[in-house]
Amino acid sequence: MARILVVDDEIGIRELLSEILYDEGHTVELAENAAQARESRLRNRPDLVLLDIWMPDIDGVTLLKEWSSQGLLNMPVIMMSGHATVDTAVEATRIGAVDFLEKPITLQKLLKAVAAGLARPVIPASMRSRTERPATDPVFTQMPQIAGEAPPQAAPSTPPAMTDDSHLGSISLNQPLREARDEFERIYFEYHLVRENHSMTRVSERTGLERTHLYRKLKQLGIDTSRKKNTG
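In this text, all values refer to a predicted model and were calculated from it rather than measured experimentally.

As for the overall build of the protein chain
Argument step 1. Scanning the protein chain for helices and strands turns up nine helices and seven strands.
Argument step 2. The buried share among the 232 residues of the protein chain stands at 37%.
Argument step 3. Taking the intrachain contacts of the protein chain between residues at least 6 apart in sequence as the baseline, contacts between residues at least 24 apart amount to 59%.
Argument step 4. Element-wise, carbon and sulfur atoms account for 54% of the exposed surface of the protein chain, whose accessible area totals about 14800 Å².

Pasting the structure below:
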């Protein structure tokens, strides 16, 4: 589950993306302009930002430049626009955006871009150089090992073989990912409900979910929020 900041001045776009990402298990923060985006970026430290290019106060490319120059571009940013030119998309990528989505955004393209963005390490602009190579660069992976020197990354020991009835705690691993995730989230939220004596305010603070999203998530997981508080 990732914390994703959606920045767009159109309320319909914000709500649509929020619904889709929330259904995928992500925590979603919304901002309708650059000022709100700055505040949310500093307060919540998102794992990924979906940033609209054309906004009324400050456009997305300018905000992207600002974050980059201030060393705040340490999360993947995916730009969005329905009217941007190729030059604008190229400029955003040069500044540090990891992807560009053209509106109207399809569900498949959105989820694919988000998954790729979350899996991609972000290198701040101040640290980028032509001499820098990623860890997957063949120059690194094919470097001969110096005699008597340990390799950069020792090969992990072989994990124990897993059978079809393997479990992670009380969660069966022999089931689809979505079902396993739902089972984990159900255990997770029930734990915090008991721990916080069913105080939705404290559970919201503990889990980092807004109360509205928290209620929706509990309802989605089939967790009864009307149970009596423990008195013992």
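Picking up where we left off.
Focus: the pattern of salt bridges
Argument step 1. In this structure the tally under the stated criterion is eight salt bridges.
Argument step 2. Across the pair Asp52 and Lys103 runs a salt bridge, and its minimum N-O distance is 3.2 Å. Of this pair, Asp52 sits in strand β3 (residues 48–52) while Lys103 sits in the loop between β5 (99–102) and α5 (107–119), placing them 51 residues apart in sequence. Judged on exposure class, the residue Asp52 and its partner Lys103 are both buried.
Argument step 3. Members of the salt-bridge network, linked through shared partners, are Asp8, Asp52 and Lys103.

Some points on the sheet that holds β3
Argument step 1. Taken in spatial order, the five strands line up as β2-β1-β3-β4-β5 in an open sheet, and their pairing is parallel. The open sheet is flanked by β2 (27–31) and β5, the only strands paired with a single partner. The mean inter-strand angle of the sheet, taken between neighbouring strand axes irrespective of direction, is 20°.
Argument step 2. As paired elements, strand β1 (residues 3–7) and β2 share five bridges and run parallel to each other. When the bridges of β2 are listed, Val7 appears paired with Ala31.
Argument step 3. Lying over the sheet, helix α1 (residues 11–23) contacts β1, β2, β3 and β4 (77–81), oriented at roughly 170° with respect to β2.

Some details on the packing of aromatic side chains
Argument step 1. By the definition in use, this model includes two aromatic pairs.
Argument step 2. A ring pair is formed by Tyr188 and Phe189, whose centres lie 5.1 Å apart and whose planes are at 80°; its orientation type is edge-to-face.
Argument step 3. What links up through ring pairs into an aromatic cluster is the set Phe184, Tyr188 and Phe189.

Observations concerning the environment of Glu183
Argument step 1. Topologically, Glu183 is positioned in helix α7 (residues 177–195).
Argument step 2. In this structure Glu183 comes out as partly exposed when scored by relative accessible area, which is 22%.
Argument step 3. Placed eleven residues apart in sequence, Glu183 and Ser172 show a C-alpha to C-alpha distance of 9.0 Å.

Some remarks on the packing of helix α3 (residues 60–69) against helix α4 (residues 86–95)
Argument step 1. Packing of α3 against α4 brings their axes to within 10 Å, and their N-to-C directions diverge by 15°. Looking at the two axes, α3 sits roughly parallel to α4. In the crossing of α3 with α4, the sense of the turn from one axis to the other is left-handed. The residues of α4 that touch α3, namely those facing Val61, Leu64, Lys65 and Ser68, are Thr88, Glu91, Ala92 and Ile95.
Argument step 2. Taken together, the residues that form the contact of α3 with α4 break down as four nonpolar, two polar and two charged.

Remarks on a negative patch on the surface
Argument step 1. Together, Asp9, Glu10, Glu32 and Asp57 make up a negatively charged patch on the protein surface.
Argument step 2. Turning to its location among the elements, Asp9 is positioned in the loop between β1 and α1.

Considering the nonpolar core
Argument step 1. Ranked by size, the top nonpolar core spans 21 residues in total, and within it Val7, Val49, Leu51, Leu64, Trp67, Val77 and Met79 carry the most contacts.
Argument step 2. Those elements giving two or more residues to this core turn out to be β1, α2 (34–44), β3, α3, β4 and α4.
Argument step 3. Not counting chain neighbours up to four residues away, the residues in contact with Val49 comprise Leu5, Val7, Trp67, Met75, Pro76, Val77 and Ile78.
Argument step 4. Counting residues in each nonpolar core, the second largest holds 16 residues, with Ala2, Ile4, Met80 and Val114 among its members.

About the thresholds
- Each chain carries its own residue numbering, running from 1 in the direction its sequence is written.
- Side-chain atom pairs in this predicted model are given and counted only at pLDDT of 80 or more, local residue features only at pLDDT of at least 70, and totals for whole chains, interfaces and linings cover all residues.
- Side-chain measures were taken over the full set of non-hydrogen atoms in the model, leaving aside hydrogen atoms and water.
- Per the convention used, a helix needs a DSSP run of H or I reaching at least four residues, while a strand needs a run of E reaching at least two, with both numbered from the N terminus.
- Exposure is judged per residue with a 1.4 Å probe applied to protein chains only, and the accessible area is read against the type maximum: over 50% gives exposed, under 20% gives buried, and values in between give partly exposed.
- Contacts: residue pairs with any heavy atoms within 4.5 Å of one another.
- Each accessible area value is a Shrake-Rupley result obtained with a 1.4 Å probe; residue values ignore everything except the protein chains displayed when judging cover.
- Any Lys or Arg side-chain nitrogen located within 4 Å of an Asp or Glu carboxyl oxygen qualifies as a salt bridge.
- At least two bridges found by DSSP between two strands are what make those strands a pair.
- Simply put, an axis is a line fit to the C-alpha atoms, just over the touching stretch for a helix, and the angle between two N-to-C directions goes from 0 to 180 degrees.
- Ring pairs are drawn from Phe, Tyr and Trp, using the six-membered ring of Trp, whenever the two centres fall within 6.5 Å, and their geometry is named by plane angle: stacked under 30 degrees, edge-to-face over 60, tilted for the rest.
- Any angle that is under 35 degrees is reported as roughly parallel, and any over 145 degrees as roughly antiparallel; angles of 65 to 115 degrees are reported as roughly perpendicular and all others as oblique.
- Helix crossings fall into two classes, left-handed where the near helix is turned counterclockwise from the far one by less than a right angle and right-handed where it is turned clockwise.
- Three residue categories are used. Nonpolar comprises Ala, Val, Leu, Ile, Met, Phe, Trp, Tyr, Cys and Pro, charged comprises Asp, Glu, Lys and Arg, and polar comprises the others, including Gly.
- To count toward a patch, a residue needs a relative accessible area above 30% and no salt bridge. Like charges then connect within 9 Å, nonpolar side chains (Val, Leu, Ile, Met, Phe, Trp, Tyr) within 5 Å.
- Positive charges come from Lys and Arg alone, negative charges from Asp and Glu alone, with His and the N- and C-terminal ends not counted.
- Where a charge sits is defined by one atom per residue type, namely NZ (Lys), CZ (Arg), CG (Asp) or CD (Glu).
- Within this scheme, the nonpolar core is defined by two criteria: the residues are buried Ala, Val, Leu, Ile, Met, Phe, Trp, Tyr or Cys, and they are joined through side-chain atoms within 4.5 Å.

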